[in-house]
Amino acid sequence: MKQTESSKTIGIGLLGLGTVGTGVVKILKSQGRAIEKKTGIRLALRRVCVKSLSKKRGVALDRRLLTTDPSDLIRDPSIDILVELIGGIHPAKEIIHRAFLNGKHVVTANKALLAEEGGSIFREAARLGRKLGIEASVCGGIPIIQSIREGLASNSISQFLGIVNGTCNFILSAMSQGNLEFREALRAAERSGYAEKNPRLDIEGVDSAHKLAILARLAFRTEVPLKAIFVEGISKLSKVDIQYASELGYVIKLLAIAKRHGRAVELRVHPTMLPLDHVLAGVRGVYNAVFLHADQAGDLLFYGKGAGEMPTASAVVSDIIDIAKRATGQADLKVRKSSPPDALPVRPMDEVVSNYYLRFQVEDKPGVLGRIAQTLGKNHISILSVHQKESHDSRSVPVIILTYEASEKNLRRALRAIDSKGGVRQKTVVLRVEK
Ligand code: NDP
Ligand code: HSE
C-alpha cells in the first residue's frame with residue numbers, strides 16, 4: 001500500500017479479463033476519480049493475468065500489464081488485492097491460497113469454488129488475517145451478501161426463496177412470453193455474457209445450488225454440503241407445462257429454497273410454480289430476486305440484475321473498495337475469530353412437504369381418472385383441483401391435478417403406483433408449487 005499526500009494507493013491484480021474482468025477494468029477507468037474523491041483511495045491496476053495474450057479485449061488496456069503467469073500477480077509486492085475472475089475450481093483454488101500466503105486480500109465471483117471449497121478458503125483467510133470479498137458470487141449486482149452479513153446482523157433468518165440464476169430466468173421468461181424457444185433463449189443468454197462457460201451448470205440448476213449453499217451458509221451460519229441439496233434444473237421443462245401453469249394463474253421459476261426448521265434445514269433447487277400475485281412472479285429476464293424472512297426486520301425483497309458484465313463488476317468493485325478502506329485504516333481490517341459455523345443436518349427430500357402440480361397423460365376412457373384419484377387418496381394426497389385438457393390425440397389426454405400439501409415420500413410412492421399401471425401413457429410430470 002502506497003501513501004501519497006492526499007490519497008492512499010491500493011494495488012489491484014486482476015486474474016481474468018473476460019465478461020466480468022472487462023467490466024471491472026471499465027469501472028476502475030471510468031469511476032476511479034469518483035472513488036478517490038469519495039474514499040481518498042486510488043485503486044491502481046498493476047497486472048492483469050489472462051490465458052491468451054493475443055485475444056482482442058473489450059476495453060483499452062496497456063498491453064504491458066498483461067501476463068499469462070498468475071505468479072506475476074501473487075509475487076508482486078505492489079499488489080494488495082487479488083481479484084480472481086477466471087472461474088472453475090483449479091487453478092483458482094491454488095492461486096487464492098498462494099495469494100493469501102503472500103499477504104494479499106482476495107475478491108472473487110467464483111460461486112462454484114466457494115460452494116465446493118468455501119470452508120477451507122474461509123478458514124485459511126481467517127487464519128492468515130486476510131479479507132475475502134464474495135459479493136459478486138451471488139445475484140450479480142444485488143448487495144445480498146453484505147445485507148445478510150451486516151444489514152441483518154441482529155436477525156435470525158428463517159427462510160429465503162431466490163431466483164438466483166439470470167440465465168434460467170432469462171430462458172423461462174422468454175419461453176413463457178412466447179418470444180423464444182429454449183435453445184434460442186440459451187444462445188441469447190450466452191451471447192449476453194450471462195451463462196457459465198459450461199451452460200449446463202445454469203440449466204441443470206447447479207449454479208443455483210452453488211449460490212444457495214453460499215447464502216445458506218451465511219444466513220443460517222452452517223456448513224452446507226453441496227451433495228445434500230436437492231437439485232433439478234429447467235432442461236426437461238416442457239413448454240406445455242409453462243402454458244398450462246399460465247392458464248391456471250401461475251408462472252414457473254427456477255427457485256433456490258432454504259427453510260430452517262429448528263436444528264435442521266431444508267435446501268432445494270427446482271422449477272417451481274408461483275401464483276401470479278407472488279412477489280417473485282414478476283421477476284423477469286436476467287433479473288434475480290431473493291425474498292427473505294428475518295425475525296426482526298420481517299419480509300425483505302432484494303431485486304436487481306443477477307448476471308452480466310457491469311452489474312457483476314459493480315459487486316466486485318464494491319468488495320475492492322470495502323477491503324481498500326480497511327487496508328487504509330478507514331475501517332477495521334482485523335479478521336475476528338468468530339465461532340465456527342454449525343453443521344445443521346439437511347432434511348432429506350422425502351420429508352419435504354409441498355403442494356404439487358401433476359400432469360398425467362392418460363388414455364381417454366372411463367375409470368382412469370378414478371383410479372388415479374384413488375391411489376392419491378390412499379397415499380394421503382388430497383386433491384385441490386382437476387383439469388382435463390382437450391386433446392387432438394385420440395389415444396391420450398392430459399389431466400392436470402393440483403394437490404394440497406403432501407410429503408415427497410407419499411407423492412413418490414403414489415406416482416410409482418400410478419405410472420406402473422395401465423391407462424397412463426408417460427411418466428407423470430411433477431412441479432412443486434410455492435404459495
Ligand atoms: P469468462 O469466461 O468471460 O472469462 C474468464 C477469463 O479468465 C478470461 O479472460 C480468460 O482468459 C481467463 N482465464 C481462464 N483461465 C485462466 C487461467 N488458467 N489463467 C489465466 N487466465 C485465465 O468468465 P466470466 O467473466 O463470465 O466469469 C468469471 C467468474 O465470475 C466465474 O467464476 C463466473 O462464474 C463468475 N460470475 C460470472 C458472472 C457473469 O455474469 N458472467 C456473474 C457472476 C459471477 P482469456 O480471456 O485469455 O481466455
Ligand atoms: N451464469 C450465472 C447466471 C452468472 O446466469 O446467473 C451469474 O452468477
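Source: prediction; values computed, not measured.

Scoring rules and cut-offs
- Residues numbered from 1 in each chain as written.
- Chains lettered and ligands numbered in written order.
- Predicted model: local features only at pLDDT ≥ 70, side-chain atom pairs only at ≥ 80, totals over all residues.
- Heavy atoms only, no water.
- Buried < 20%, exposed > 50% of the residue type's maximum accessible area, 1.4 Å probe, protein only.
- Helix = DSSP H or I, 4+ residues; strand = E, 2+ residues; numbered from the N terminus.
- Contact = heavy atoms within 4.5 Å.
- Polar contact = N/O pair within 3.5 Å; in protein donor to acceptor, adjacent residues only side chain to side chain.
- Near = heavy atom within 4 Å.
- Areas by Shrake-Rupley, 256 points an atom, 1.4 Å probe, with all protein chains shown as cover.
- Nonpolar A, V, L, I, M, F, W, Y, C, P; charged D, E, K, R; others polar.
- Axes fitted to C-alpha atoms, helices over the stretch in contact; angles between N-to-C directions.
- Parallel < 35°, antiparallel > 145°, perpendicular 65-115°, else oblique.
- Left-handed = near helix turned anticlockwise from the far one by under 90°.
- Domains from an automatic or database assignment.
- Buried area = accessible area lost by both parts, 1.4 Å probe.
- Salt bridge = Lys/Arg side-chain N within 4 Å of Asp/Glu carboxyl O.

Across the eleven residues that make up helix H6 (residues 166-176), a large majority, ten, are buried. Along H6, the residues that are buried comprise Gly 166, Thr 167, Cys 168, Asn 169, Phe 170, Ile 171, Leu 172, Ser 173, Ala 174 and Met 175. Buried residues along H6 sit against strand S8 (157-163), helix H7 (182-191), helix H8 (200-203), helix H10 (239-247), strand S10 (250-261) and strand S12 (287-294). N-capping of H6 is provided by Asn 165, with a side-chain oxygen placed 3.1 Å from the backbone N of Thr 167.

Attention shifts here to the site of ligand 1. The environment of ligand 1 is made up of 24 residues, and the closest members are Ser 52, Lys 55, Arg 57, Glu 196 and Gly 308. A distance of 3.0 Å is found between a nitrogen atom of ligand 1 and a backbone nitrogen or oxygen belonging to Gly 193. Computed on the free molecule, ligand 1 has an accessible area of 900 Å², of which 85% lies beneath the protein chains in the complex. Taken together, the residues of the shell around ligand 1 break down into ten nonpolar, nine polar and five charged.

This brings us to the packing of helix H1 (residues 19-39) against helix H11 (residues 309-327). Packed helix pairs are characterised by how far apart their axes lie and by the angle those axes make with each other. Between H1 and H11, whose axes approach to 8 Å, the crossing angle comes to 45°. By the angle class used here, H1 and H11 are oblique. Between H1 and H11 the crossing geometry is right-handed. Seen from H1, the contacting residues are Thr 19, Val 20, Thr 22, Gly 23, Val 24, Lys 26, Ile 27, Ile 35 and Thr 39; seen from H11, they are Glu 309, Met 310, Thr 312, Ala 313, Ser 314, Val 316, Val 317, Ile 320, Ile 321 and Lys 325.

Around ligand 2 there are 13 residues in total, and Lys 111, Thr 167, Tyr 194, Glu 196 and Lys 211 lie nearest to it. The separation between an oxygen atom of ligand 2 and a polar side-chain atom of Lys 111 is 2.6 Å. At 2.7 Å, a backbone N or O of Gly 166 approaches an oxygen atom of ligand 2. Considered on its own, ligand 2 offers 250 Å² of accessible surface; in the complex 93% of this is hidden by protein. Considering only residue class, the shell around ligand 2 consists of four nonpolar, four polar and five charged.

This next bit is on the domain arrangement of the protein. Taken as a whole, the protein is organised into domain 1 (8-140 + 309-327), domain 2 (144-305) and domain 3 (349-433). Each of domain 2 and domain 3 was reduced to a C-alpha centroid, and the two centroids are 26 Å apart. At the interface, 17 residues of domain 2 touch 15 residues of domain 3. Around 1,400 Å² of area is buried between domain 2 and domain 3 when both sides are counted, 67% of it from carbon and sulfur atoms. Where domain 2 meets domain 3, there are three salt bridges. With a closest N to O distance of 2.5 Å, Lys 389 and Glu 247 form a salt bridge. Every element with two or more residues in the side of domain 2 that touches domain 3 is listed here: H10, S10 and strand S11 (264-275). Ranked by residue count, the leading element in the side of domain 2 that touches domain 3 is S11, at six residues.

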